[in-house]
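What follows is each chain in one-letter form.
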Amino acid sequence: MRPELKIIELIEKYLRNELEEKDQIEFEKRIESNPEFRKEVELQRDLMNGIERLSLLKAIERAKIKYMRGKWLLKIGLGIIVISIIVVSTYLFVDQNSENSSGLYKLNEVGEPLWSDADRYLPKQEFKLNIESDTVIETEGGIVFAISKNAFVDENGNPVKGEVDLEVKEALDPASIITAGLSTESNGKPLETGGMFYFNARKDGKSLNINPQKEVLAEIPTKEIKSGMQLFDGKRKKDGGINWVNPKPLERYLIPVDIHTLNFYPQGYEDSLANWGYNVEDKAFKDSLFYSFFACEEEESTNLSKSYSMIWYGDRKIILKNYDPDGFLMSVDTTPYKETTWDSLWVRNCDVVEPSDIKAFWNDKFQNTNIATKEFEERLRFIHNKNILRLYIKNLHLPLYEIDSMVLQQFPWDEAGRFLLFHKRKDGRVKIKSDLAKNLSSYYSEKSKLYENSVRKVYRKFWNEERRKDMIAKQKQAQFSEDEVKRDYQNYLKELNLNLDEAYRQLGKPRPRQASLPNNRYRAALTSTGWKNVDRYVVASTQNRESLSFMDKEGNKATIKYQDVKVKVQDINSFDRVYSYVLSKGQYSFRRMKRNGDAFGFKMNEFLNYKLVIIAYQKGEMHFALQNISAREINIKLSPSNEIELKKVLTEYGTKQSRRDVWKDQQYESFKMADQARRAKNDQIKELRRRLYPVIFPSIGQAIPESIEE
C-alpha cells in the first residue's frame, strides 16, 4: 500500500476513534507538532463529514419556503450578509425552456446546450417567494439570501410582480465538491474555495435577471474569514467541469438593526445600577441619569503654553490645568475648593466621549447606517475618545475596517490591540448615499453640542437651586432656634415669677422687687456669700425643674413641687412622626415634651394646670388628641383630624401666643421633614453620581478623588 494511503487510513481510524490508546496519544502529539499533518487531518474530517451530510441531503425533500419575512427581519440580528468567499458560481437563466428528465433546461444561461456535472449531480432546492416585499431565505447548507423588493426583472428589464420560483444548488464542503466533479481552478491556476453555489429565478417558466437597481445579498457560512477573497463566475467546460472567471472583489456589507435595540450605555453601567438596587428595566430612568453626566468643559486661556479645563464632579467644579503640548494632564488643582496635586496623572484634555455624544446618534436619524449595527455596538464599548467616535460618525460611507485603520494610525494609544482585531475582521458597511452620510455627520455635530450645553445648563440650574434651598433651610433653622430660645426664656421667666410669688406667700413675707440698674455700673467677682434668701433656691428649682423645700430663720417653710408625667401613644411606631405639647394659661407659650423610646416625658409644676396636645402624621394624614394632665402616666389614642380642627382646638384653649407658636412649630417641622428628604435625595444623587463617574468615564474616572471637601 502506498504511504499516502496508509496515512489516510490512519487518519480515518483516528477520526472514528478506532485507534488504541497508545497510538491515539502518539497521533495527537504528531498533530500538535506538525502543522501540515494537522491540515491533512482537518481536510479528511471535512471530507468525511461532507459525505455523511450529502447522504442525508439526498433523503430530504426539496425545501419549500423557509423564510418569508420582510426587510425588518434583517434588523433583528441576521448578522453580516456578504462574507469573503473565493469561488461562488452565480447562474441566472435567460431562456424560458422547459425542464427535461434530468431537471435541466435545454439551454443554459448563455443560450448554449452545455451543462456541467455539478448541474446534473448536486441536489436542487426550490423556493417560492413574493417578490413585492423584501425576503430572506436560508438553504439546507446554511446560505442566507437577502432579496430586495422588486429585485428581479424580465428580459425587457421590467420589474416582475407576484410569486417567483427560486432554485439553489450548493457545494460548501469537500465531499459535495468532489462528488459533483467540481474543481477550484481559474484558467489552470489553483484557487482556495470558500464555497460554491448556483442560484436562478423564474416567473411562469420564464427566466429572470437581477434588477441592476436592486440587490441580492448572500451570506455563506465559513469557519474562518480570510482576506483577499473574491467572487468568481462559473464558465462551463465541455468535459463537464467549470472554469472560474471574472473575479470581483467582495465587499462585506453590514446588516443594520433597529438602533433602539442596541445597547450604547457604557460597559458596566446597567450592571452597576442593578447591583445597587435600581430598576434597569426602566429605560426612561436609565436615559435621564446617563444623559445628566458630563466630564469636562474647556475654557479659553491667555497663556498659550498651558491649557486649562474644568471637570464638574457632583455639584462641585474641579479645575484641571498644566497640560503638556500634546494635551495630557500633568497636574490637578481644585483651588479654591481644595488644594491638591496628583503626580503622574494622565488624562486626555476634554476629549472623552460624553453621554451627549451618544444621545446625538442614538435616535432614528441614524437608522440603517453603520451606527445601527452590532459591529459598531461592539466598538463603542472601547471608544472613550471623542475624536475616535467622530471618525465613525463622519465616515458613514466607509467600511468599518477602513475606519478601524484610521483609528490605529491616528490614536495608537487608545485600545490599539482591540481595534487591530476589529480591523482584521474586515467588517464592511451599510449601504448609504454619500450626501446622506454627510448630512448625518453635520446633524451629529450640531446635536452633540446642543445636548452637551443643555445638560450642563440644566445641571447647574438644578444645583444652584438646591444651594438656594440649602440657604433658605439654614435661615429658617436659625430663626426657629432663635424663636425657641426666646420662647423657652419667656416661659422660664413666667414660671420663675410664679414660683417666687408662691414661695414668699408660703413664708408669709412680701416678695422684694429689684429696681432696674443703670447701664453704667461696676462689676466685681464675689469670692464669698453673704445674705441668703429664697430667691436663689427658687431659681435653681425652676431651672432644673426639681422640687424645693425651704425653711427660713424664723422656721417658716415654702415648698415647690415638680412631678414627672409620662405619656404613651398607642401604636406610636405606626406614625411617621409624633409631637407632644403641654400648654398652660400661666405660660407664655407651649412646651414640647421630650421623647424617650415609645413615650414622652415632662416635669409638671403643681401650681399650673396643663393641657396635653398630641399631633401625629401617618402617610401625610394628621392625627390629633387633646386632654387634661391629671395623672403621672397617661395613655393616649389618636384620632384622624385636620388642620381646621387643630386650629379650632388651639383657639379654644391656650393663649394667643401658644396657639400661634404651636402652629409655627408644626409648620417648621413639616418644612424640616421635607427639607431632610430633599437633602437625603441629593446625597443619594451625589453618591450615585460619584460611583457611576468612573463607569461612564473610565478613561478619566480614576483621576477624580472619591470625595472632595466643600
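For the structure, check the block above.
Residues numbered from 1 in each chain as written. Predicted model: local features only at pLDDT ≥ 70, side-chain atom pairs only at ≥ 80, totals over all residues. Heavy atoms only, no water.

Draft legend 1. Structural view of the overall build of the chain. Broken down by element type, the chain carries 16 helices and 28 strands. Burial analysis of the chain (710 residues in total) assigns 44% to the buried set. When the accessible area of the chain is evaluated, it comes to approximately 40,000 Å², of which 49% is carbon and sulfur surface. (Helix = DSSP H or I, 4+ residues; strand = E, 2+ residues; numbered from the N terminus. Buried < 20%, exposed > 50% of the residue type's maximum accessible area, 1.4 Å probe, protein only. Areas by Shrake-Rupley, 256 points an atom, 1.4 Å probe, with all protein chains shown as cover.)

Draft legend 2. Broad picture of helix H12 (residues 416–425). Turning to H12, its buried residues are Phe 419, Phe 422 and His 423. Buried residues of H12 fall within an arc of 100° about the axis and therefore sit on the same side. Exposed and facing more than 90 degrees away from the buried side of H12 are Leu 421 and Lys 424. In this fold, the buried residues of H12 make contact with helix H9 (374–380), helix H10 (386–394) and helix H11 (400–410). Downstream of H12 by a residue or two, Lys 426 has a phi angle that is positive, lying close to 60°. (Arc of directions from axis to C-beta. Contact = heavy atoms within 4.5 Å.)

Draft legend 3. The arrangement of the pattern of salt bridges in detail. According to the stated counting rule, one finds 33 salt bridges in the structure shown. When the shortest N-O distance is used, the salt bridge between Arg 679 and Asp 675 registers 2.9 Å. Residue Arg 679 and its partner Asp 675 are both found in helix H16 (residues 656–696); the two are separated by four residues, about one turn of the helix. Residues joined by salt bridges that share partners form a network here, namely Glu 466, Lys 469, Asp 470, Asp 675, Arg 678 and Arg 679. (Salt bridge = Lys/Arg side-chain N within 4 Å of Asp/Glu carboxyl O.)

Draft legend 4. Fine view of the pairing of strand E21 (residues 577–584). Buried residues dominate E21, accounting for eight of its eight residues. On E21, burial covers both faces: Arg 577, Tyr 579, Tyr 581 and Leu 583 on one face and Val 578, Ser 580, Val 582 and Ser 584 on the other are all buried. The pairing of E21 with strand E22 (residues 591–592) spans two bridges and is antiparallel. Counted as the bridge partner of Tyr 581 is Arg 592 from E22. (Pairing = 2+ DSSP bridges.)

Draft legend 5. Seen up close, the packing of H10 against helix H13 (residues 434–507). Where H10 meets H13, the closest approach of the two axes is 9 Å, and the angle between their N-to-C directions is 145°. Crossing of H10 against H13: the hand is right-handed. Of the residues in H13, those touching H10 at Lys 386, Leu 389, Arg 390, Ile 393 and Lys 394 are Ser 441, Tyr 444 and Glu 452. Grouping the amino acids of the contact of H10 with H13 by side-chain chemistry returns three nonpolar, one polar and four charged. (Axes fitted to C-alpha atoms, helices over the stretch in contact; angles between N-to-C directions. Left-handed = near helix turned anticlockwise from the far one by under 90°. Nonpolar A, V, L, I, M, F, W, Y, C, P; charged D, E, K, R; others polar.)

Draft legend 6. Seen up close, the sheet that holds strand E8 (residues 196–203). Spatially, E1-E5-E8-E9 is the arrangement adopted by the four strands of the open sheet, whose pairing is antiparallel. In this open sheet, the two strands that pair with only one neighbour each are strand E1 (125–130) and strand E9 (206–207).

Draft legend 7. Examining the nonpolar core more closely. Counting residues in hydrophobic clusters, the biggest one holds 52 residues, and the most contacted among them are Phe 264, Phe 361 and Phe 366. Contacts of Phe 264, omitting those with residues within four sequence positions, involve Ile 259, Ile 358, Phe 361, Trp 362, Ile 371, Phe 376, Glu 377 and Leu 380. Within the second largest apolar cluster, 21 residues are counted, among which are Leu 612, Ala 616, Ala 625 and Leu 638. (Core = buried A, V, L, I, M, F, W, Y, C linked by side-chain atoms within 4.5 Å.)

Draft legend 8. Region of the structure containing the environment of Ile 403. Locating Ile 403 in the fold gives a position in helix H11. Sequence separation between Ile 403 and Ile 393 is 10 residues; the distance between their C-alpha atoms is 9.9 Å. When residues no more than four places from it in sequence are discounted, the contact partners of Ile 403 are Leu 391, Tyr 392, Asn 395 and Leu 398.

Draft legend 9. Structural context of unusual backbone geometry. We note that Asn 368 has phi near 60°; this positive angle belongs to a residue other than glycine. With respect to the helices, strands and loops of the structure, Asn 368 is situated in the loop between helix H8 (355–361) and H9. Overall, Asn 368 belongs to the partly exposed group, its relative accessible area being 34%. Phi is positive for Arg 545, close to 50°, though the residue is something other than glycine. Looking at Arg 545, the relative accessible area reads 13%, which means it is buried.

Draft legend 10. Main features of the pairing of strand E3 (residues 144–147). Side-chain alternation along E3 places Val 144 and Ala 146 on one buried face and Phe 145 and Ile 147 on a second face that is also buried. Linkage of strand E2 (residues 135–138) to E3, two consecutive antiparallel strands, is achieved through a turn of five residues, within which Gly 142 is found at a positive phi near 95°. Alignment of E3 against strand E11 (residues 216–219), held across four bridges, turns out to be antiparallel. Each residue of the ladder has a partner; that of Ala 146, found in E11, is Leu 217.

Draft legend 11. Structural view of the sheet that holds E2. Spatial strand order, E2-E3-E11: three strands in an open sheet with antiparallel pairing. The open sheet is flanked by E2 and E11, the only strands paired with a single partner. For this sheet the average axis-to-axis angle between neighbouring strands, irrespective of direction, equals 15°. Summarising the sheet, E2 and E3 pair through four bridges and their orientation is antiparallel. Paired with Val 136 across the bridge in E3 is Ala 146.

Draft legend 12. Local environment of the packing of H13 against helix H14 (residues 534–544). In the contact formed by H13 and H14, the axes pass within 9 Å of each other and the chain directions differ by 135°. The angle between H13 and H14 places the two elements in the oblique class. Here H13 runs over H14; the crossing is right-handed. Here H13 contributes Tyr 492, Glu 495, Leu 496, Asn 499, Leu 500, Ala 503, Tyr 504 and Leu 507 to the contact with H14, which in turn contributes Val 534, Asp 535, Val 538, Val 539, Thr 542 and Gln 543. Partitioning the contact of H13 with H14 into residue classes produces nine nonpolar, three polar and two charged. (Parallel < 35°, antiparallel > 145°, perpendicular 65-115°, else oblique.)

Draft legend 13. Geometry of the packing of aromatic side chains. Inspection of the entire model under this criterion finds 27 aromatic pairs. An aromatic cluster of three or more residues is present, and its members are Phe 264, Tyr 265, Tyr 269, Phe 290, Tyr 291, Phe 361, Trp 362, Phe 376, Tyr 392 and Tyr 444. Directly above the aromatic system of Phe 422 lies the positively charged group of Arg 379, at a separation of 4.5 Å from the ring centroid. (Phe/Tyr/Trp six-rings, centres within 6.5 Å; stacked < 30°, edge-to-face > 60°. Lys NZ or Arg CZ within 6 Å of the ring centre and 35° of its normal.)

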